[in-house]
Amino acid sequence: MSKLRQKIKDRLDQLHTALREDRHLGNDDQQQQIQELISSVAKFWQILSDEERDFVHASRYAVERQIVWSA
């Protein structure tokens, strides 16, 4: 696996963990950290798989709507 793909995978894993722990429902600082993590993944949009893109969309939706993550 290339270094770039590993970096993307690591960030996606961090985002998934944060959402599972419902940190996006926390205080403004936590929400900002989640938004920054989403942005750090989304900047690689061109090389994300369809599944990864769907995950980024779902993550944004959960953060914006303050929805409990149940995946």
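The structure we're discussing is the one just above.
Parameters at a glance
Residues numbered from 1 in each chain as written. Predicted model: local features only at pLDDT ≥ 70, side-chain atom pairs only at ≥ 80, totals over all residues. Heavy atoms only, no water. Axes fitted to C-alpha atoms, helices over the stretch in contact; angles between N-to-C directions. Helix = DSSP H or I, 4+ residues; strand = E, 2+ residues; numbered from the N terminus. Left-handed = near helix turned anticlockwise from the far one by under 90°. Contact = heavy atoms within 4.5 Å. Buried < 20%, exposed > 50% of the residue type's maximum accessible area, 1.4 Å probe, protein only. Polar contact = N/O pair within 3.5 Å; in protein donor to acceptor, adjacent residues only side chain to side chain. Core = buried A, V, L, I, M, F, W, Y, C linked by side-chain atoms within 4.5 Å. Salt bridge = Lys/Arg side-chain N within 4 Å of Asp/Glu carboxyl O.

Colleague: Tell me what's going on with the packing of helix α1 (residues 3-20) against helix α3 (residues 50-65), and back it up with residues and numbers.
Modeller: Taken N-terminus to C-terminus, the directions of α1 and α3 make an angle of 35°; their axes are 11 Å apart at the nearest point. Of the two possible hands of crossing, α1 and α3 adopt the one that is left-handed. Seen from α1, the contacting residues are Arg 5, Leu 12, Leu 15, His 16 and Leu 19; seen from α3, they are Glu 52, Phe 55, Ser 59 and Val 63.

Colleague: Now, about the side chain of Ser 40: what can you tell me, with residues and values included?
Modeller: Within the secondary structure layout, Ser 40 lies in helix α2 (residues 28-42). For Ser 40, a relative accessible area of 14% translates into the label buried. Only 2.8 Å separates the side chain of Ser 40 from the backbone oxygen of Leu 37, close enough to count as a polar contact.

Colleague: Describe the nonpolar core, with residues and values.
Modeller: If you look at the biggest cluster of nonpolar residues, it comprises 17 residues, and the most contacted ones within it are Leu 15, Leu 19, Ile 34, Ile 38, Phe 55 and Val 56. Within the residue set of this core, elements represented by two or more residues are α1, α2 and α3. With near-sequence residues (within four places) excluded, Ile 38 lies in contact with Leu 15, Val 56, Ser 59, Arg 60 and Val 63.

Colleague: Any details on the environment of Asp 13? Residues and values, ideally.
Modeller: Take Asp 13: it is sitting in helix α1. Taking the C-alpha atoms as reference points, Asp 13 and Asp 54, separated by 41 residues in sequence, lie 14 Å from one another.

Colleague: Let's hear about the pattern of salt bridges: which residues, and what values?
Modeller: Inspection of every chain in the model, using the stated rule, returns 3 salt bridges. Here Glu 52 makes a salt bridge to Arg 5, at a shortest N to O gap of 2.7 Å. Of this pair, Glu 52 sits in helix α3 while Arg 5 is found in helix α1, placing the two residues 47 residues apart along the sequence. Judged by its relative accessible area of 29%, Arg 5 is partly exposed. A salt bridge links Glu 21 to Arg 23; its shortest N-O distance comes to 2.9 Å. Judged by relative accessible area, Arg 23 falls into the partly exposed class, the value being 31%.

Colleague: Account for unusual backbone geometry, naming residues and giving values.
Modeller: Even without being a glycine, Asp 22 presents a positive backbone phi close to 55°. Within the element layout of this structure, Asp 22 appears in the loop between α1 and α2. We note that Gln 66 has phi near 55°; this positive angle belongs to a residue other than glycine. The residue Gln 66 is located in the segment after α3 in this model.

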